[in-house]
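Structural overview
Spelled out, the chains give:
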Amino acid sequence: MVESKNPAQDDQPLLVAENLAKNYGRLTACRDVSFALYPSEVLAVVGESGSGKSTLLQLLSAQLAPSAGRVSYRMRDGVLRDLAALGEAERRFLFRTDWGFVHQDPAQGLRMAVSAGANVGERLMAVGWNHYGRIRDTASSWLERVEIDVDRIDDAPRTYSGGMRQRLQIARNLVTEPRLVFMDEPTGGLDVSVQARLLDLMRNLVSELGLAAIVVTHDLAVARLLSHRVMVMKGGRVIETGLTDQVLDDPREPYTQLLVSSILPA
Amino acid sequence: MNAPAYNFAYLDEQTKRMIRRAILKAIAIPGYQVPFASREMPMPYGWGTGGVQVTAAILGPEDVLKVIDQGSDDTTNAISIRKFFGKTAGVATTTSTADATVIQTRHRIPEAPLHGGQILVYQVPIPEPLRFLEPRETETRRMHALGEYGLMHVKLYEDIARFGHIATSYAYPVKVNARYVMDPSPTPKFDNPKMDNCPALQLFGAGREKRIYAIPPHTTVVSLDFEDHPFTRYRFDAPCALCGADDSYLDEIVTDDKGGRMFVCSDTDYCESRQAAGHRGSESVAPHKERAHG
Amino acid sequence: MYVAVKGGERAIENAHRLLAHERRGDREVPEVSLDQISEQLSLGVDRVMTEGSLYDRELASLAIKQARGDMIEAIFLVRAFRATLPRFGATEPVDTGAMQVRRRISSTFKDIPGGQILGPTFDYTHRLLDPQLAAGFSPETPSMGEASSAATPRVTDILGRDGLIEPSPGADAEAPVGDLTREPLSFPADRDLRLQNLARADEGFLLALGYSSQRGYGRNHPFAGEIRFGEVEVEFMAEDVGFAVPLGSIAMTECQMVNQFKGSATEAPCFTRGYGLAFGQSERKTMSMAMVDRTLRARELGEEVNAPAQDEEFVMSHSDNVQATGFVEHLKLPHYVDFQSELGLLRKLRKEFAEAAQAPPMQEAAE
């Protein structure tokens, strides 16, 4: 399953958003969003609730159709394709192999009644893996990688803690070695100490695997730890964007300054 | 009062045409479930209306019909269906697998190999192999269309993780013509290999769920498994107590209330034919000479 | 010595004879006639006609007699008969607005044009068993009055005139009406097939679902806009003469529910509807049907879908009692071949379990 990375493609954008907008009747959820994401790059989308960041994530991952604008993705063959032009079969295949989606609530991204091993192995079986032993071994090694005790491989995530479930969800997404992972508040709802450990794990995995990622979060600390670039959203628009350290250390926009200064001192 | 008059084999010609169109489509796409407008029949849904509609649509005056349930011609529902066609079609009926042109069956495939020109009609309760993993019809339709059968393998994986074996003993899912995953109806997995490369035409009718599917003659039918946990047939390890067969599926008969048990061929025609040819088992009537088992 | 079981055919014949004998019961007791059933158990006949999808009082009465009073069995008989009948086509839509009303009430207004007409109803009776009915009872002649020629416009039409209620979804005049008995159901279902499915659905099932919605499982604040019962004319378009020919009239009950109002960014809010229609005097059925028609529109109206009554696949796949009883009762058929397979698997697993339980001590002993 190891896909050799094409160095010649690393300077070509992986995902391109052009003038994206989404309206619901008279309500504008987001508009005028344009950016390009490169391989191995992590982009954080920060904002408070109602900023439009979650809607944007749905648009970028082709789960919602835009009211205006376009999202394009560079497939493994190097061709940049408009997501709206993909057939349903292609889109579903993309979702199962080249992409990952980590939900805020892990129960949404897992089969809660099925064992951890089957959860991790499902994508492999979906692409034709047919050897129980090999599927199980691969699942085991991924559990180790996300720091879940391998003895729990036959337990259902119903018996896992919140932090473990989230790590399992990550393993389930990464097993097919995707090139792009979408994350929606991946540490939301977890205890602070658990969050820290999870963020550390995610940062290591992302850099080891050379993943590109788009992380939606209201927590600037998450953005700081995980991302290279950050986009700040307010009222459905991107009000500031740039390298994470620059934006967080030297925010230009008043709203960004407000966000940064609101972080409670450690 | 409006007194009804019935057509040959009960169904009116228009209905038969509609069912035949569905059958043709099913044959053209082996293993794919074709929706059809199942009619209200004089027997309840769940009691073979799908099989009866398929048989009624294909039956001609020259056909010879055999009807079995649990492998036997003499079980109550098999009798009831055979009488129904006797009354509404007047076709010749038989208990002999070899002599039949159309065989309607519930839960078994006959032991005697079928030949070209025969049609086996299966009664199917739940046609959708993914139904118990995914209850929504809209979702399973999509999974079949896109060939997304990962969920099926998840179930098999879970079985092995929990029991050490695939824990499906009947209605064991198969892949037809290397494309569609199909439920063979609640036949014991013992019967699965008989569907592969079979010279006869196999038709499946689900009346209540309103689906028809088919396996044309000489189509590949492979039972799902893992390379390292291959499909195995299960059969109780004993010969038939009446005819001595060691290769047929056996019924367990409780003979007394102290745990007494006996194993006898489920396929009554097969067993009786073997006995007529002189084969004997441990519980047979007359003393006999041991004959080589065929 | 074991002899293979035979004689199934004889057993079945004897069973049929015994059934006919039980059905007749004590020969000293007078045999019940179809007229008696049709006249005096008329609500039962109405139900069998509605869920059997066939308007014929005599046949429905025969079915009830043949089924020994088991209503679902009677419905099954009627349906099986209906399947053999030749189809000439569909009638013109019945005009319930022109109904010869025998009973007509509305809970949404105190008084309405045409008046509130109680008609023959169990409502407001005291449910006290009446021994007078036990042996030959001749009821008083009902009070008489002049039949009113006043129009009885539908309450929902009155609301509709001011735009207060959504218009009844218009049918495309060119598009053929679907027929649930001729084409397989697929989801999402169009309104015509949905209403057909609900019209022949089991009354108890719909009743429970409607009740659940009132208790919060998919609540939508229903009001009984109007319930009317009476005779409607049935007309059939005769091709050769070029106009619609009246075939006669049938008794029907119609219920219009007025539900939770709903607006959108582009439209002003208005009440929503649920619709129920059945043969004979079938109020419980039409009210439940109207409630479930409305709950099934949840997705269409942008409401959160989280209750069974709102789940289209769940409701419509399990509403047919003939299908349901067929499958539930099919468990009485022999299943011993599959049971044998399960027994085999179970025995194997138990053996392995027992072996595994014994293993560790033996390992230690080896060490």
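Residues numbered from 1 in each chain as written. Chains lettered and ligands numbered in written order. Predicted model: local features only at pLDDT ≥ 70, side-chain atom pairs only at ≥ 80, totals over all residues.

Overview of the overall build of chain C
Within chain C, the secondary structure is distributed over 12 helices and four strands. Compactness check: chain C gives a C-alpha radius of gyration of 27 Å against a globular reference of 21 Å for 367 residues, more than 25% above the reference. Dimensions of chain C, computed from C-alpha atoms along their principal axes, come out at roughly 100 × 70 × 55 Å. Per-residue burial over chain C gives 29% buried out of 367 residues. (Helix = DSSP H or I, 4+ residues; strand = E, 2+ residues; numbered from the N terminus. Rg over C-alpha atoms; globule rule 2.2 N^0.38 Å. Buried ≥ 20, exposed ≤ 12 C-beta atoms within 10 Å, placed from the backbone.)

A look at the overall build of chain B
Tallying secondary structure elements over chain B gives seven helices and 12 strands in all. Computed over C-alpha atoms, the radius of gyration of chain B comes to 20 Å, within 12% of the 19 Å expected from 2.2 N^0.38 for 294 residues, which places it in the range of a compact globule. Over its C-alpha atoms, taken along the principal directions, chain B stretches across nearly 55 × 55 × 40 Å. The buried share among the 294 residues of chain B stands at 52%.

What about the environment of B:Ala98?
With respect to the element layout, B:Ala98 can be found in the loop between strand E3 (92-93) and strand E4 (102-106). Sequence separation between B:Ala98 and B:Arg208 is 110 residues; the distance between their C-alpha atoms is 30 Å.

Looking at the interface of chain B and chain C
If you look at the interface, chain B gives 49 residues, while chain C gives 41 residues. Mapped onto the side of chain B that touches chain C, the elements with two or more residues apiece are helix H3 (76-88), helix H4 (137-146), strand E11 (250-254) and strand E12 (261-265) of chain B. With four residues, H3(B) is the single largest residue contributor to the side of chain B that touches chain C. Its residues assigned to classes, the side of chain B that touches chain C shows 22 nonpolar, 14 polar and 13 charged. (Contact = placed C-beta atoms within 7 Å. Nonpolar A, V, L, I, M, F, W, Y, C, P; charged D, E, K, R; others polar.)

Considerations on the confidence of the model for chain B
Detailed reading of the predicted coordinates is not advisable wherever pLDDT falls low. Averaged over all residues, the pLDDT of chain B is 90; the fraction at 70 or higher stands at 95%. Here residues 286-294 of chain B is a poorly scored stretch, pLDDT under 50, and it has seven contacts once near neighbours within four places are set aside; other chains count. (pLDDT = per-residue confidence, 0-100.)

Some remarks on helix H7 (residues 268-276) of chain B
Residues separated by three or four positions in an α-helix point in the same direction, a consequence of the helix having 3.6 residues per turn. Turning to H7(B), its buried residues are B:Thr268, B:Asp269, B:Tyr270, B:Cys271, B:Arg274 and B:Gln275. Note on H7(B): the residue one or two positions beyond its end, B:Gly278, has a positive phi of about 105 degrees.

Some words on helix H5 (residues 132-145) of chain A
With 14 residues, H5(A) extends 20 Å from end C-alpha to end C-alpha; this agrees with the ideal 20 Å at 1.5 Å per step. Within the sequence span of H5(A), burial applies to A:Tyr132, A:Ile135, A:Arg136, A:Ala139, A:Trp142 and A:Leu143. Angular distribution of buried residues about the axis of H5(A) spans 125 degrees; they occupy a single face of the element. Packing partners of the buried residues in H5(A) comprise helix H4 (116-126) and helix H6 (162-174) of chain A together with helix H5 (150-163) of chain B. (Expected span 1.5 Å × (residues − 1). Arc of directions from axis to C-beta.)

Examining the sheet that holds strand E6 (residues 174-176) of chain B
Residue and element names in this part refer to chain B. Taken together, three strands build an open sheet; the order of strands is E7-E6-E10 and the sheet is antiparallel. Looking along the sheet, the strands with just one partner apiece sit at the ends: strand E7 (180-182) and strand E10 (221-223). Averaged over neighbouring strand pairs, the angle between their axes works out to 30 degrees when direction is ignored. (Pairing = 2+ DSSP bridges. Axes fitted to C-alpha atoms, helices over the stretch in contact; angles between N-to-C directions.)

A few points about the interface of chain B and chain A
Contact residues are listed per partner, giving 13 residues for chain B and 16 residues for chain A. The dominant element in the side of chain B that touches chain A, judged by the number of residues it contributes, is H5(B), at seven residues. Along the lines of polarity and charge, the residues of the side of chain B that touches chain A split into six nonpolar, three polar and four charged.

Topic: the packing of helix H1 (residues 13-28) of chain B against helix H2 (residues 49-58) of chain B
Residues and elements named next belong to chain B. The geometry of H1 relative to H2 is characterised by a closest axis approach of 9 Å and an angle of 100 degrees between their N-to-C directions. Taken together, the axes of H1 and H2 lie roughly perpendicular to each other. Listed contacts from H2 to Lys 16, Ile 19, Arg 20 and Ile 23 of H1 are Gln 53, Val 54, Ala 56 and Ala 57. For the contact of H1 with H2, the class distribution of residues is five nonpolar, one polar and two charged. (Parallel < 35°, antiparallel > 145°, perpendicular 65-115°, else oblique.)

Some thoughts on the sheet that holds strand E3 (residues 243-262) of chain C
Residue and element names in this part refer to chain C. Pairing is antiparallel in the open sheet, where four strands are placed in the order E1-E2-E3-E4. The open sheet terminates on both sides in strands that have one partner only, identified here as strand E1 (100-105) and strand E4 (270-279). Shown here is a sheet whose adjacent strand axes are inclined to one another by a mean of 30 degrees, direction ignored.

With respect to the pairing of strand E1 (residues 15-24) of chain A
All names here are of chain A. Summarising the sheet, E1 and strand E2 (residues 27-37) pair through seven bridges and their orientation is antiparallel. From the neighbouring strand, Leu 15 faces E2, where its bridge partner is Leu 37. Hairpin connection of E1 to E2: two residues between the antiparallel strands, including Gly 25 at a positive phi of 60 degrees. With five bridges joining them, E1 and strand E4 (residues 68-74) adopt antiparallel strand pairing. Note that in E4 the partner of Leu 15 across the bridge is Tyr 73.

Remarks on the environment of A:Glu144
Along the polypeptide, A:Glu144 turns up in helix H5. The class for A:Glu144 is partly exposed, based on 13 C-beta atoms found within 10 Å.

Observations concerning the environment of A:Val150
Residue and element names in this part refer to chain A. Along the chain, Val 150 falls in the loop between H5 and H6. As for Val 150 and Arg 179, which are separated by 29 residues in sequence, their C-alpha atoms are 26 Å apart. With near-sequence residues (within four places) excluded, Val 150 lies in contact with Ser 140, Leu 143 and Glu 144.

Remarks on the confidence of the model for chain C
Residue and element names in this part refer to chain C. Across chain C, the average pLDDT comes to 90, with 96% of residues at 70 or higher. Confidence over residues 362-367 falls short of pLDDT 50; this stretch has zero contacts with residues more than four positions distant or in other chains. Quick note on the complex model: pTM equals 0.82, ipTM equals 0.84.

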